Amino acid sequence: HTHTQPAAALTTTPHLSPPPRLRVPHLTRTHPPTASSRLMSAYQPKSVQEAWDNHFSAFGGKDMDKILKDYDENSVITVFNYTTENKEVFKGVEGAKKLFTGLWKAIPDYKTLKAPVCDVDEKARMVFLCWECKGCGHEAVTDTFIFTEDFKILRQNIMAVTTKSCCPPNRSSLMPPNDYTPVGKEAKIGDLDCYIVGEAKNGAVVVLHDVFGWKSGRHKGVCDELASKGYYVIMPDLYRGGKAEFKDLGTPRLVEFLKSWATEKWQPDMDKVYAHLVEKKIPASKTGMVGFCWGTWAIWNESSRCGEKFSAASCFHPSIPIEQLFGRSIEALAEKVKNPLLMAPCKGDHASLQKDGASHEVFKKKSLEVDYIPFPNMEHGFVSQGDLSKKEIYDSVTTAMDETFKLFEKYLK
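Residues numbered from 1 in each chain as written. Predicted model: local features only at pLDDT ≥ 70, side-chain atom pairs only at ≥ 80, totals over all residues. Heavy atoms only, no water.

### Details of the overall build of the protein chain
And step 1. Per the secondary structure count, the protein chain includes 13 helices and 17 strands.
And step 2. Among the 413 residues that make up the protein chain, the fraction classed as buried is 55%.
And step 3. Summarising the internal contacts of the protein chain: among those between residues at least 6 apart in sequence, 72% fall at separations of at least 24.
And step 4. On the protein chain, roughly 18,300 Å² of surface is accessible, and the fraction owed to carbon and sulfur atoms is 53%. (Helix = DSSP H or I, 4+ residues; strand = E, 2+ residues; numbered from the N terminus. Buried < 20%, exposed > 50% of the residue type's maximum accessible area, 1.4 Å probe, protein only. Contact = heavy atoms within 4.5 Å. Areas by Shrake-Rupley, 256 points an atom, 1.4 Å probe, with all protein chains shown as cover.)

See below:
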């Protein structure tokens, strides 16, 4: 028997990917039933449709406890993002919880949710769902559920096409304002606003901001840290006062913003920065770059255009897929990169940018010196925007900066 869920219903009680159920502890006289175990024992679906109704309702209400009832420790959820070419596997109840935590963060509302196909097959114990939520960056998704004899989700396979962007769906939230007082100063190079700090004892570093602009997050703090190691640091405002809004992540609005900043629009400002360094008598051989997110894409393009202007660059949470928005490929740009790099990809960053990914293979073939320090547990944006009060983020940022200093010690001569 095949049951089709009306697509219209999804606009009020939607669904996406599923999480697991809480494991019921073995009950003994010394371990009486808990409230959660009593709740679990009360949930005993008698059909795929009944289990699906629970899942569907829980997803629509973003009810974690309710949705986890459909999973057990044997549940396996496999997610492939066709846009980023990343595959993730989530196992058991905790894995499902992790999946839905990230998913609901990436899809804050269901205003644009549609589900043209939702088939429930009792005989095969399977549900096949096709859905989209374009307003939150999910262009097209297929979701296949296979249930056990007691109607728990045994396997869930998801294939998602997300909106091409600079940031994956799991990006770090913007760091809230704090009481940090920058060491440097805001100045102008001609009519270009810049943040400048430090003396050129060991050379110069050009810092290229992320998509949220030069005044967001810890950008100035990173500049100050670089300056403390003997570098003259300059961070130009390549967006000329503009910036992306966090609420636009994964939406067509962000895509339009990124496309409005084609290379020919900001590269003349980079030429002003290079001319300024020449005036300061700082040679290209002693100049490095640090980029975050959008800034890494700018670095790759600058290396392709005028790699002789600097010696090496550090690229944190790289957003090279921006190249695809202009009809070009990541690997084609990698072929043109001339400078040694430190690549620091995160969880969710495009597969081509990961260690041994397609662009890494390009670098290997051309014998370009590119080192990788993957951060598989860190969200995109953690270096410039992550919460340093969390030890894992603090330690990862420390590692990232330490490796950057090693890079510059090696190449800036």
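### A short note on the sheet that holds strand β12 (residues 287-292)
And step 1. Read from one edge of the open sheet, 8 strands run β8-β9-β11-β10-β12-β13-β14-β16, paired in mixed fashion. Both edges of this open sheet fall to β8 (185-189) and β16 (370-372), since each of them pairs with a single strand only. Strand-to-strand, the axes of this sheet are offset by a mean angle of 25°, without reference to chain direction.
And step 2. Here β12 pairs with strand β13 (residues 312-316) via 5 bridges, running parallel. Paired with G288 across the bridge in β13 is A312.
And step 3. Relative to strand β11 (residues 231-236), helix α5 (residues 219-227) is tilted by about 160°, and along the sheet it contacts β8, β9 (192-197), β10 (203-208), β11 and β12. (Pairing = 2+ DSSP bridges. Axes fitted to C-alpha atoms, helices over the stretch in contact; angles between N-to-C directions.)

### Describing the packing of helix α2 (residues 48-61) against helix α4 (residues 92-106)
And step 1. It is at 11 Å that the axes of α2 and α4 come closest, and there the two elements cross at 45°. Classified by the angle their axes make, α2 and α4 are oblique. Along the contact surface, α2 presents H55, A58 and F59, while α4 presents F100, L103 and W104.
And step 2. Residue composition of the contact of α2 with α4, grouped by class: 5 nonpolar, 1 polar and no charged. (Parallel < 35°, antiparallel > 145°, perpendicular 65-115°, else oblique. Nonpolar A, V, L, I, M, F, W, Y, C, P; charged D, E, K, R; others polar.)

### Some points on the environment of P182
And step 1. Within the secondary structure layout, P182 lies in the loop between β7 (153-162) and β8.
And step 2. Residues P182 and D224, spaced 42 residues apart in sequence, show a C-alpha to C-alpha distance of 7.1 Å.

### Side note on the pairing of β11
And step 1. Counting buried positions over the 6 residues of β11 gives 6, a clear majority of the element.
And step 2. Neither face of β11 is open: one carries Y231, V233 and M235, the other Y232, I234 and P236, and all of them are buried.
And step 3. As defined by bridge partners, β9 adjoins β11 across 4 bridges and the pair is classed as antiparallel. Bridge pairing in β11 links I196 to I234.
And step 4. In this region the chain leaves β10, passes through α5 and returns to the parallel neighbour β11; the handedness of that crossover is right-handed. (Right-handed = clockwise from strand over helix to strand, strands pointing away.)

### Quick word on the nonpolar core
And step 1. Of all hydrophobic cores here, the largest spans 52 residues; its most connected members are V211, M289, W294, W300, L341 and F363.
And step 2. Top element by residues in this core is helix α8 (residues 294-306). It accounts for 6 residues.
And step 3. Formed by 38 residues, the second largest nonpolar core is a distinct cluster that contains A58, V127, C136 and F145. (Core = buried A, V, L, I, M, F, W, Y, C linked by side-chain atoms within 4.5 Å.)

### Structural notes on the pattern of salt bridges
And step 1. Enumeration according to the criterion identifies 17 salt bridges in this entry.
And step 2. Notably, a salt bridge pairs R253 with D248, separated by 2.5 Å at the nearest N-O pair.
And step 3. Across the salt bridge formed by K391 and D395, the nearest N and O atoms sit 2.6 Å from each other. Placement of the pair is K391 and D395 together in helix α13 (residues 391-411), with a separation of 4 residues, close to one helical turn.
And step 4. By relative accessible area, which is 62% here, K391 ends up exposed.
And step 5. A single network of salt bridges, built from pairs that share partners, joins D191, R240, D269 and K272. (Salt bridge = Lys/Arg side-chain N within 4 Å of Asp/Glu carboxyl O.)

### Comments concerning the environment of V183
And step 1. Summarising the element assignment, V183 is placed in the loop between β7 and β8.
And step 2. The spacing of V183 and E225 is 42 residues in sequence and 9.5 Å in space, taken between C-alpha atoms.
And step 3. With residues near it in sequence (within four places) discarded, V183 still touches Y195, V197 and D224.

### Some thoughts on α4
And step 1. For α4, built from 15 residues, the straight-helix expectation of 21 Å at 1.5 Å per residue is met to within 8% by its first-to-last C-alpha distance of 21 Å.
And step 2. Within α4, burial applies to G92, V93, G95, A96, L99, F100, L103, W104 and A106. On an axial view of α4, the arc spanned by its buried residues comes to 160°, and they lie on one face. Among the exposed residues of α4, those pointing more than 90 degrees away from its buried face are E94 and K98.
And step 3. On the buried face of α4, the contacting elements are α2, α3 (64-67), β2 (76-81), β3 (86-91), β6 (138-147) and β7. (Expected span 1.5 Å × (residues − 1). Arc of directions from axis to C-beta.)

### Quick look at the confidence of the model for the protein chain
And step 1. Confidence in the prediction of the protein chain, expressed as mean pLDDT, is 87, and 86% of residues score 70 or more.
And step 2. Contacts for the low-pLDDT stretch residues 1-31, under 50 throughout, to residues beyond four places or in other chains number 112 contacts. (pLDDT = per-residue confidence, 0-100.)

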